[in-house]
Amino acid sequence: MNNAVNNGVWSGSWVAERLGVQLVGDDTLTDLLGLALRRNPKRAHLLVSNVLGKHVPQSPTVVHGAGYGLGRRVRDLLGDEEAAAAVVLGYAETATGLGHCVADGLGLAPYLHSTRRPVPGVARAGGFEESHSHATSHLLLPEDPTLLVGDGPLVLVDDEFSTGNTVLNTIRELHERYPRRRYVVVALVDMRSPADAGRLDDFAREIGARVDLVTAATGTVRLPDGVLEKGQELVARHETPPPAPTGTAALRPTRVDLRWPAGLPDGGRHGFTPAHRTRLEHALPAMAARLAQALPDGARRVLVLGFEELMYAPLRLARELEQTTGLEVRYSTTTRSPVLAVDDPGYAIRTRLVFPAHDDPADGPGERYAYNVAGAGFDAVVTVVDSTADTPALHAPDGLLAQLAAQTPHVLLAVVPSYTPGPLALPERPPMLPEPLRGPAFSSYAPEEVGWLLQDLSDVTLEAPTEEREEAIQSGGAHYAESLPVEYQPSEQYQALFHSALAESAGRLAQAVGAVTEIVLAERSPRPVLVSLARAGTPVGILMRRWAHFRHGLELPHYAVSIVRGRGIDANALRWLARHHDPRDVVFVDGWTGKGAITRELATAIREFETTDGITGFDPEIAVLADPGSCVRTYGTRDDYLIPSACLNSTVSGLISRTVLRADLVGPHDFHGAKHYRELAGSDVSVAFLDAVSARFPDVTDAVDATAKDLFSTDRTPTWEGWAAVERISEEYGIHDVNLVKPGVGETTRVLLRRVPWKILARAGAGADLDHVRLLAEQRGVPVEEVPELPYTCVGLIHPKYTRGATGADGRAVNL
């Protein structure tokens with residue numbers, strides 16, 4: 001019942017055979033879609049999505065991933081700058097959750113969905129009609145009246161793009177009030193007929209705007225003559241009356257207090273911002289844990305059932321429940337849409353529960369439906385509604401809860417507070433942030449060398465075996481920042497390599513430190529505030545601070561902050577910095593660039609921070625020692641050579657772990673976390689590394705002056721050569737994911753120390769800079785492949801599509 005294809009039978013075959021309807025297009029169409037018959041005089045057939053989470057119970061991870069993936073494609077289409085200026089608009093009721101998931105994938109844009117529920121006191125900002133629907137009036141009720149004002153792209157999201165009428169009506173209505181240069185239409189499937197396909201382009205020319213289309217699959221529905229009449233006749237022949245009320249008037253579902261965060265919107269009816277998303281992400285683990293605790297012992301198969309337009313909150317709760325328990329969790333929602341149910345494997349809507357509306361709708365009372373729930377064998381159903389819908393009608397003998405009780409032994413009810421815009425919904429004032437952590441209490445660095453804008457998680461067990469982390473990361477089950485790799489303990493041979501490399505390269509490093517610091521002082525600020533990106537940037541920030549003192553007598557403030565790929569920079573750290581320093585003086589520091597992912601991440605995060613907090617002045621341009629990827633314009637060198645601090649982990653970084661961002665440990669007003677590995681003090685070379693490099697400062701003064709002079713007169717505009725090279729390597733080696741390609745000596749070392757490597761590409765003739773890479777590769781059984789004309793000294797490839805089966809029992813990688 002949960003798939004578009006069941007036991008080899010397509011769930012659209014019943015309609016196709018009897019009505020003559022044909023679904024033609026991409027090979028994936030029949031996996032994504034089934035067919036049913038509408039009880040609607042305007043249209044005969046219904047395309048039933050298998051990944052939408054509306055009519056067909058589905059894994060919530062699959063449902064969220066379908067929308068999120070579309071959102072990432074939109075972000076790639078727009079680019080970060082336009083994505084940050086965009087607004088995402090979803091359609092009620094079917095696509096409210098899908099639109100929200102697209103906004104998650106886009107990452108930078110606020111979300112709004114249309115609604116059929118008027119809300120007293122909230123002014124209408126627009127509306128439009130959906131001509132084929134059984135309920136046509138869509139209202140736009142943003143809390144912020146300026147949400148739809150602006151020239152950034154408007155991203156419109158619906159489950160299917162069939163005729164284009166709904167989208168044209170929407171754009172026409174909004175373009176008259178809030179004209180824009182660009183619109184992006186997003187749908188799971190593009191099912192327009194050839195006649196309809198050209199209408200969107202004609203309309204775009206008519207209004208003078210660009211309109212793009214992003215879909216997961218493309219096809220069309222071929223309808224025979226007289227299909228509407230034939231469909232109505234089929235419905236009349238197979239329609240059966242709903243069962244009589246069950247008579248369970250005394251039903252008392254198990255109520256679950258989610259402890260939904262105060263003031264957090266329940267969805268996008270009045271707007272949902274990136275800041276709201278952050279609050280929700282922090283709260284989800286605890287709310288899902290309360291649901292799990294309330295489930296009966298022995299429950300294995302659980303349905304989380306949302307409510308009409310309230311799709312996103314139940315979906316995220318269901319996904320969190322699925323990912324944190326061993327339960328088989330499915331997700332779907334109730335609906336207004338009247339559809340014929342036929343208990344046949346070749347039909348997409350096998351069963352139907354019918355119950356009265358229970359949210360006092362503006363269009364009056366009427367039937368509501370839950371499809372494919374009856375007979376599905378759920379041990380428990382968790383019904384999630386908003387407080388407006390928690391009415392006597394919900395609990396009545398013929399209400400939804402009674403209908404569910406007849407189908408499952410356990411019914412739970414979770415009520416999300418209906419968000420009402422107004423003064424009471426203003427976010428609470430955040431508490432004062434703590435002062436930075438400093439050594440020796442936190443890190444082995446001297447207290448004046450760096451202040452860590454982090455929280456100490458040293459007492460929390462966060463380490464997981466490398467293979468388990470890789471599987472969880474690549475499967476989407478976990479983010480890399482939610483755990484830590486087990487700290488690599490170097491062998492005596494490897495430690496000897498580190499000391500040899502340091503002795504050989506200290507002068508070269510000192511020259512790069514001096515050059516980049518001189519550029520910062522001359523071009524960025526005469527008294528910069530150095531903010532290193534923990535942890536690889538921290539030794540570099542300390543060295544730059546030492547050079548400024550050595551050469552100019554300056555005592556520069558220096559802090560370390562967390563930045564996480566896919567999650568952005570620690571916004572609380574930025575708030576602390578803005579309270580204590582002029583943001584225009586802040587210079588972000590890192591060790592090196594690879595393909596430039598962190599460079600892009602920081603630029604995106606700063607734009608998002610400016611939008612959410614209204615604080616401007618932070619310059620996202622990173623200063624680095626080495627820029628082999630040509631991603632920044634403030635650097636000491638663009639050569640790809642060994643920076644010895646990349647050879648080790650915490651023992652060359654002040655005994656501090658990589659930073660951690662996990663919702664159950666890091667609250668909305670907390671700094672990101674990290675651990676202080678005090679037990680590794682006997683192996684610590686952090687200060688020895690700094691001293692070895694800074695001891696060479698007097699020797700390189702003239703060379704620094706010459707290098708800085710050359711750099712000042714050089715065109716240092718980033719070319720992003722590294723990113724292009726990574727994209728090429730990703731395709732040439734069949735990886736198809738740039739995140740699994742780690743270019744440069746530093747990033748390759750990290751792959752060998754922290755991830756599951758597949759192979760190492762080395763530039764033919766590379767010398768001693770790769771001695772430690774070759775040793776690590778030998779220890780892990782990873783092949784090193786020499787490649788002529790490689791743009792980097794080396795590139796590390798993470799094992800693609802990794803599972804634990806890709807390594808042997810000893811943890812050594814197995815060649816594909």
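Residues numbered from 1 in each chain as written. Predicted model: local features only at pLDDT ≥ 70, side-chain atom pairs only at ≥ 80, totals over all residues. Heavy atoms only, no water.

Novice: Give a description of unusual backbone geometry that names residues and reports values.
Specialist: For residues besides glycine, phi is generally negative; the peptide bonds are generally trans as well. Of the consecutive residues Gly439 and Pro440, the connecting peptide bond is found in the cis state with omega at 0°. Inspection of the secondary structure assignment puts Pro440 in the loop between strand E19 (411–416) and strand E20 (451–452). Of the consecutive residues Ala534 and Arg535, the connecting peptide bond is found in the cis state with omega at 5°. Relative to the assigned elements, Arg535 resides in the loop between strand E24 (529–534) and helix H16 (537–552). (Helix = DSSP H or I, 4+ residues; strand = E, 2+ residues; numbered from the N terminus.)

Novice: Account for helix H23 (residues 771–780), with residues named and values stated.
Specialist: For H23, the full list of buried residues reads His772, Val773, Leu775, Leu776, Ala777 and Arg780. Remark: Gly781 follows H23 within two positions and exhibits a positive phi of approximately 70°. (Buried < 20%, exposed > 50% of the residue type's maximum accessible area, 1.4 Å probe, protein only.)

Novice: Which residues make up the pattern of salt bridges, and what values do they have?
Specialist: Summed over the entire model, instances satisfying the criterion amount to 40 salt bridges. Close ionic contact of Arg172 with Glu206 constitutes a salt bridge, the shortest N to O distance being 3.4 Å. Pair noted here: Arg172 is in helix H6 (residues 165–177) and Glu206 is in helix H8 (residues 199–207), with a separation of 34 residues, a long-range link. Classification of Glu206 by relative accessible area gives exposed; the value is 55%. (Salt bridge = Lys/Arg side-chain N within 4 Å of Asp/Glu carboxyl O.)

Novice: Mind laying out the sheet that holds strand E32 (residues 757–763), listing which residues take part and the relevant values?
Specialist: As summarised here, the arrangement of the four strands in space is E31-E34-E32-E33, forming an open sheet in which the pairing is mixed. Where the open sheet ends on each side, the last strands, each with one partner, are strand E31 (741–743) and strand E33 (784–787). Along the sheet, successive strands turn relative to each other by an average axial angle of 20°, direction set aside. Running over the sheet, helix H21 (residues 721–732) touches E31, E32 and strand E34 (794–798) and is turned about 140° from E31. (Pairing = 2+ DSSP bridges. Axes fitted to C-alpha atoms, helices over the stretch in contact; angles between N-to-C directions. Contact = heavy atoms within 4.5 Å.)

Novice: Give me the lowdown on the nonpolar core, citing residues and values where you can.
Specialist: Judged by nonpolar contacts, the single largest core of 132 residues is most densely connected at Leu37, Val155, Val186 and Tyr347. The leading source of residues in this core is strand E11 (residues 182–190), at seven residues. Setting aside chain neighbours within four positions, we find Val155 in contact with Val74, Leu78, Ala86, Val87, Val88, Leu89, Leu106, Val184 and Val186. (Core = buried A, V, L, I, M, F, W, Y, C linked by side-chain atoms within 4.5 Å.)

Novice: Which residues make up the sheet that holds strand E13 (residues 254–256), and what values do they have?
Specialist: A sheet is described by the order of its strands in space; here five strands give the open sequence E13-E19-E18-E14-E15, paired in parallel fashion. Where the open sheet ends on each side, the last strands, each with one partner, are E13 and strand E15 (328–334). On average, each strand axis in the sheet is tilted by 25° relative to the strand beside it, whichever way the strands run. Summarising the sheet, strand E18 (residues 380–386) and E19 pair through six bridges and their orientation is parallel. For Val381, the partnering residue across the bridge sits in E19 and is Val411. Taken strand by strand, helix H11 (residues 312–324) contacts strand E14 (301–307), E15 and E18, and its axis lies near 175° from that of E15.

Novice: Residues and numbers for the packing of helix H17 (residues 571–580) against helix H18 (residues 597–613), please.
Specialist: Where H17 meets H18, the axes come as close as 11 Å, and the angle between the chain directions of the two elements is 70°. Considering the angle they form, H17 stands roughly perpendicular to H18. In the crossing of H17 with H18, the sense of the turn from one axis to the other is right-handed. Where H17 approaches H18, its residues Ala571, Leu574 and Arg575 are matched on the opposing element by Ile606, Phe609 and Asp613. Within the contact of H17 with H18, the residues separate by chemical class into four nonpolar, no polar and two charged. (Parallel < 35°, antiparallel > 145°, perpendicular 65-115°, else oblique. Left-handed = near helix turned anticlockwise from the far one by under 90°. Nonpolar A, V, L, I, M, F, W, Y, C, P; charged D, E, K, R; others polar.)

Novice: Any chance you could break down the environment of Ala209 for me, citing the residues and the numbers?
Specialist: Checked against the element boundaries, Ala209 lands in the loop between H8 and strand E12 (210–222). Taking the C-alpha atoms as reference points, Ala209 and Tyr183, separated by 26 residues in sequence, lie 7.4 Å from one another. Excluding residues that lie within four positions of it along the chain, Ala209 makes contacts with His175, Arg180, Arg181, Tyr183 and Ala204.

Novice: Would you mind going over the side chain of Ser532 in detail, with residue names and values included?
Specialist: Tracing the chain through its elements places Ser532 in strand E24. Separated by 2.9 Å, the side chains of Ser532 and His558 make a polar contact. Not counting residues up to four positions away in its chain, the partners in contact with Ser532 are Gly537, Thr538, His558, Tyr559, Ala560, Val561 and Val589. (Polar contact = N/O pair within 3.5 Å; in protein donor to acceptor, adjacent residues only side chain to side chain.)

Novice: So what's going on with the pairing of E18? Which residues, and what values?
Specialist: With seven of its seven residues buried, E18 lies for the most part within the structure. Here E14 runs beside E18; their pairing, made up of four bridges, is parallel. From the neighbouring strand, Val304 faces E18, where its bridge partner is Val382.

Novice: Kindly report on the packing of aromatic side chains, identifying the contributing residues and their values.
Specialist: Evaluated as defined, the whole model comprises 11 aromatic pairs. Between the aromatic rings of Tyr559 and Trp576, the centroid separation amounts to 5.2 Å while the plane-to-plane angle is 65°, which identifies the pairing as edge-to-face. Placement of the pair is Tyr559 in strand E25 (residues 558–564) and Trp576 in helix H17, with a sequence separation of 17 residues. In this structure, Tyr559 and Trp576 share a single accessibility class: buried. Put simply, the rings of Phe442, Tyr445 and Trp452 touch in pairs and so form one group of aromatic residues. Geometry around Trp720 places Arg600 over its ring, the cationic atom sitting 4.5 Å from the centre. It is Lys759 that lies over the ring of Trp758; its NZ or CZ is 4.7 Å from the centre. (Phe/Tyr/Trp six-rings, centres within 6.5 Å; stacked < 30°, edge-to-face > 60°. Lys NZ or Arg CZ within 6 Å of the ring centre and 35° of its normal.)

Novice: Explain the pairing of E25 residue by residue, including any values.
Specialist: Burial runs high along E25: seven of the seven residues are buried. Burial of E25 is two-sided: the residues His558, Ala560, Ser562 and Val564 facing one way and the residues Tyr559, Val561 and Ile563 facing the other way are all buried. Summarising the sheet, E25 and strand E26 (residues 568–569) pair through two bridges and their orientation is antiparallel. Paired with Val564 across the bridge in E26 is Gly568. Taking the residues between adjacent antiparallel strands as the criterion, E25 and E26 are bridged by three residues, where Gly566 takes a positive phi near 90°.

Novice: Describe the confidence of the model for the protein, naming the residues involved and giving the relevant values.
Specialist: When pLDDT is averaged across the protein, the result is 84; 88% of the residues are at 70 or more. Confidence drops under a pLDDT of 50 for residues 423–429, and excluding neighbours within four residues, the segment shows five contacts in the predicted structure. Across residues 466–480 the pLDDT falls below 50, and counting only partners more than four positions away or on other chains, this stretch makes 48 contacts in the model. (pLDDT = per-residue confidence, 0-100.)

Novice: Now, about the environment of Arg199: what can you tell me, with residues and values included?
Specialist: Looking at where Arg199 falls in the secondary structure, it is placed in helix H8. Between the alpha carbons of Arg199 and Leu168 there is a distance of 9.0 Å; along the sequence they are 31 residues apart. Discounting residues that sit within four places of it in the chain, Arg199 has contacts with Thr163, Asn165 and Leu168.

Novice: Can you break down the side chain of Ser562 residue by residue, with the values?
Specialist: By secondary structure assignment, the location of Ser562 is in strand E25. Using a relative accessible area of 0% as the deciding quantity, one classes Ser562 as buried. At 2.8 Å, the side chain of Ser562 forms a polar contact with the side chain of Thr659. A distance of 2.7 Å separates a polar atom in the side chain of Ser562 from a polar atom in the side chain of His672. For Ser562, the residues in contact, after removing those within four places along its chain, are Leu454, Gly568, Ile569, Asp570, Thr659 and His672.

Novice: Lay out the environment of Ala262 in plain terms, naming residues and giving numbers.
Specialist: Tracing the backbone shows Ala262 in the loop between E13 and helix H10 (274–294). The class of Ala262 is exposed, set by a relative accessible area of 66%. For the pair Ala262 and Pro417, spaced 155 residues apart in sequence, the C-alpha to C-alpha distance is 8.6 Å.

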